Amino acid sequence: MADAKVIPFGEEPRARRKARRAGRTAHGTGLAPVPEARTEHPPAAVPRTNPGRSLDERIAGGLAFLRRRITGDYEVDDFGYDEELTDQVLMSLLRPFYEKYFRVEVKGVENIPSDGGALIVANHSGTLPLDGLMLQVGVHDNHPAQRHLRLLAADLVFVLPVINELARKAGHTLACAEDAQRLLERGEIVGVMPEGFKGIGKPFSDRYKLQRFGRGGFVSTALKAGAPIVPCSIVGAEEIYPMIGNAKTLARVLGLPYFPLTPTFPWLGPLGAVPLPTKWTIQFGEPIPTAGYPPEAADDPMLMFNLTDQVRETIQHTLYKLLVQRRSVFF
């Protein structure tokens, strides 16, 4: 297979990237020609599906997509992000889980900026990181500009075979301040879950209780980039794999942060890895601006502590509110 064309960081203008995304054909596959001149107003987003397409059109579009993959006539950025593959394949695979299985309801998507960088900070749970994937679909499919979420992932993701490549193709990158700042300054929507393994691997008895948010590095990154922080609360992921135990010895042998024991796993074998069909709600809170702070604010430990605490308290309060409002775990 031929090599894909790599666009060096910062080389492609923001307006051109938007025009390229909005210029996709009705087939949802090819790219329309993009004018070099910047447009004063970004083009309107194109709906992700076109139910009026005929079978012949869908087949032609699919063949055109395969031809581009074989010949290498597609683009990836310097992080390895493949926008066409994400839109046409990865999102299509995740969308049935999002729409039919977990029946995700999104609130407050208008709090995500239509343009420019922003940092979405969310709680993390569920034993396996399905919440990050559902969050990615939720941002793209519900935002009027169909913005793409670039998640910051743990080191473990990028050492696992296959998972490593898929994560890169989907736009995710290593959870480090340098990569996050570059993406924010580039005008991307970046997602971070500061609880890390402490959140995703906590026992079921601690569900919806936020774990420690680390040292507030995400706040420092947002301050340096002047990007707003958008708190995000996710309800429903805690119950997909109720973690009632942790086989720590086995986890150490396998090099994992934890080895979950649930009511169904590992007792039912592969069947025990099927998540429970809970009903999810994702709510985005009002953005916390950072552009008004001076450059040295990123090195102020007291300011970082206060902003980190503000974000954490906002997420926790919203979690409690959503839990009170929901009728059932499954409906």
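To start, this report covers the structure provided alongside it. Residue positions are counted from 1 within each chain, in the order its sequence is given. With pLDDT at 70 or above as the cut-off, local features in this predicted model cover only qualifying residues; side-chain atom pairs require 80 or more to be listed or tallied, and sums for whole chains, interfaces and linings still use all residues. No hydrogens and no water enter the side-chain calculation; it runs on all heavy atoms of the structure.

### Remarks on the sheet that holds strand 11 (residues 281–284)
- By the convention used here, strands pair only if DSSP detects at least 2 bridges between them. Going along the chain from the N terminus, every DSSP run of H or I of four or more residues is numbered as a helix, and every run of E of two or more is numbered as a strand. With mixed pairing, the 7 strands of this open sheet are ordered in space as 3-11-8-4-7-5-6. Each of the sheet's edge strands pairs with one partner strand only, and the pair in question is strand 3 (105–107) and strand 6 (173–174).
- For strand 3 and strand 11, the ladder comprises 3 bridges, and the chain directions are parallel. By the bridge assignment for strand 11, Lys 107 is matched with Gln 283.

### What to know about the pairing of strand 4 (residues 118–122)
- Each residue's exposure class comes from its accessible area (1.4 Å probe, protein chains only) as a fraction of the maximum for that residue type: buried when under 20%, exposed when over 50%, partly exposed otherwise. Burial analysis of strand 4 places 5 of its 5 residues in the buried class, the great majority of the element.
- The side-chain alternation of strand 4 yields two buried faces, one formed by Ala 118, Ile 120 and Ala 122 and the other by Leu 119 and Val 121.
- Taken together, the 4 bridges between strand 4 and strand 7 (residues 189–192) define a ladder with parallel strand orientation. Looking at strand 7, one finds that Ile 120 is bridged to Gly 191.

### What about the nonpolar core?
- Among buried residues, those of type Ala, Val, Leu, Ile, Met, Phe, Trp, Tyr and Cys that are joined through side-chain atoms within 4.5 Å constitute a nonpolar core. With 29 residues, the main nonpolar core has Leu 119, Val 121, Phe 218 and Val 311 as its most contacted residues.
- Contributing elements (two or more residues each) for this core: strand 4, helix 6 (177–185), strand 7, helix 8 (217–225), strand 8 (229–235) and helix 10 (301–325).
- In terms of residues, this core owes the most to one element, helix 10, which gives 7 residues.
- Whether two residues touch is decided by their heavy atoms; if any such pair falls within 4.5 Å, the residues are in contact. Discounting residues that sit within four places of it in the chain, Val 121 has contacts with Val 192, Pro 194, Phe 213, Phe 218, Ile 229, Val 230, Pro 231, Cys 232, Val 311 and Ile 315.
- Of all hydrophobic cores here, the second largest spans 27 residues; its members include Met 91, Phe 102, Val 139 and Ile 189.

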